[in-house]
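# Examining the three-dimensional arrangement
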Amino acid sequence: MRPLQAAHRRVSIARLGVWAALAAGPVALAVACAVPRSSAPAAQPPAAVAADLRTSDPAGVATLFCELWLRSDTDAADASTAQALRVFAPDVDLPDLSGRTAAQELQRAVAVRSARLAGDAWSVVVAARFTVRDRGAKAAPAAVVRYFAVPVTASSSAAGVGEFTVTAAPAEVAGPTTAKAQPPAAADVLPSNGAVAATLGEFFRAYLLGVGEVDRYLSPGTSLTAARGGGYTSVTVDRVAADTDRAGGLVPADGSTARVEARVTATDAAGGRWPLAYSLALTSRSGRWEVTALRAGADSQKSAATSSATPAGKGEPR
């Protein structure tokens, strides 16, 4: 029996060895995953940061150039004004005043129109206001406005400041003409003692004078900051017109809307009267009108009401 027992023992040990060999692979893999690697990962190249390549509008540069050019003189080409001009216009001819004082004294310049022509080429129209000198007259100096078209090449740069070159001297051009006005969107004139006029009277006293809180006159979800700095002491609502006849009578059901245009007169501490115009969107709630949107300046376009106010969860009555 002993030889048989020895043989059985050897078979058992051999089986254990086989199973151990089979298990060695997964165990070794598990150990390899559990042990942290000592080598550092390969450094990745930094992601390329996209440069701010916004299209550069040369209106400001054209205004600066035009103002410097109008103050320059070819007889003073080394003056600081001419040197500052050369930064944007290295090859532009200067006015020739022959050292004399200009008949018209420049007061200020401002860009009124900029148009992109093709590629990087722009044309900017600059309005320049002058005081006309008249040594022989005792009347007060008169004011005149002249317009200059400035040709500019403008492109963007990675620095975000843009690259500009004025390619020629300005061309004096005619000023802009009056565009044909669109018919008013709000055509129904509302009664001065109606609900809308009363609401707007209280709203503008809070908005322009600081009498009370503006929030109490706003729809829920509308936020509007009161205007400051005018120094107004009183305000009156002169005329209100709406785009719907629902705004002329009793306040309609909750959720009704109206687009109105208001003409108001604000009076300052010195007695000055300032005619102001506003376009507003109103919404009815709880038997009264509330301001949902406000735009400075009456909007005569027949478009949906938009708001410069930011929804901020305000506007509940207090």
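Residues numbered from 1 in each chain as written. Predicted model: local features only at pLDDT ≥ 70, side-chain atom pairs only at ≥ 80, totals over all residues. Heavy atoms only, no water.

### Side note on the overall build of the protein
- Each helix and strand counted, the protein has four helices and 10 strands in total.
- Helices (α) and strands (β) of the protein occur, in sequence order from the N terminus, as α-α-α-β-β-β-β-β-β-α-β-β-β-β.
- Within the protein, buried positions represent 31% of all 318 residues.
- Long-range contacts, defined here as pairs at least 24 residues apart, represent 58% of the contacts in the protein between residues at least 6 apart.
- Surface summary for the protein: the accessible area is close to 19900 Å², and the carbon and sulfur share equals 55%. (Helix = DSSP H or I, 4+ residues; strand = E, 2+ residues; numbered from the N terminus. Buried < 20%, exposed > 50% of the residue type's maximum accessible area, 1.4 Å probe, protein only. Contact = heavy atoms within 4.5 Å. Areas by Shrake-Rupley, 256 points an atom, 1.4 Å probe, with all protein chains shown as cover.)

### Observations concerning helix α2 (residues 59-70)
- Across its 12 residues, α2 extends 16 Å between first and last C-alpha, which sits within 8% of the 16 Å expected from 1.5 Å per residue.
- Counting buried positions along α2 gives nine out of 12 residues, so the element sits mostly inside the fold.
- Within the sequence span of α2, burial applies to Ala59, Val61, Ala62, Thr63, Phe65, Cys66, Leu68, Trp69 and Leu70.
- Residues of α2 that are buried sit in contact with α3 (80-86), β1 (104-118), β2 (121-132), β3 (142-155) and β4 (163-166). (Expected span 1.5 Å × (residues − 1).)

### Overview of the pattern of salt bridges
- Within the structure shown, the criterion is met by five salt bridges.
- Arg116 is paired through a salt bridge with Asp120; the nearest N and O atoms lie 3.8 Å apart.
- Residues joined by salt bridges that share partners form a network here, namely Arg285, Arg288 and Glu290. (Salt bridge = Lys/Arg side-chain N within 4 Å of Asp/Glu carboxyl O.)

### Comments concerning the nonpolar core
- Judged by nonpolar contacts, the single largest core of 28 residues is most densely connected at Val196, Leu200, Phe203, Phe204, Val260 and Leu280.
- Elements that contribute at least two residues to this core include exactly α4 (195-209), β7 (232-242), β8 (257-268), β9 (273-285) and β10 (288-296).
- Excluding its chain neighbours within four sequence positions, the residues that come into contact with Phe203 are Val214, Tyr217, Leu218, Leu224, Leu280, Val291 and Leu294.
- One finds Trp69, Ala82, Phe148 and Val150 within the second-largest nonpolar core, a separate group that totals 27 residues. (Core = buried A, V, L, I, M, F, W, Y, C linked by side-chain atoms within 4.5 Å.)

### Considerations on the packing of aromatic side chains
- This model, assessed by the stated rule, comprises five aromatic pairs.
- An angle of 65° between the planes, with centres 5.1 Å apart, marks the rings of Phe203 and Phe204 as edge-to-face. Here the two residues Phe203 and Phe204 agree in accessibility, since each one is buried.
- Plain terms: the ring middles of Tyr207 and Tyr278 are 6.3 Å apart, the flat faces sit at 90° to each other, and that makes the pair edge-to-face. With Tyr207 in helix α4 and Tyr278 in strand β9, the pair connects residues that are 71 residues apart, well separated along the chain. Each of the two residues, Tyr207 as well as Tyr278, counts as buried.
- The ring of Phe130 carries the charged tip of Arg146 above its face, separated from the ring centre by 4.9 Å.
- Residue placement shows Arg216 over the ring face of Tyr217; its charged tip is 5.6 Å from the ring centre. (Phe/Tyr/Trp six-rings, centres within 6.5 Å; stacked < 30°, edge-to-face > 60°. Lys NZ or Arg CZ within 6 Å of the ring centre and 35° of its normal.)

These results come straight from atomic positions and should not be treated as a statement about function.
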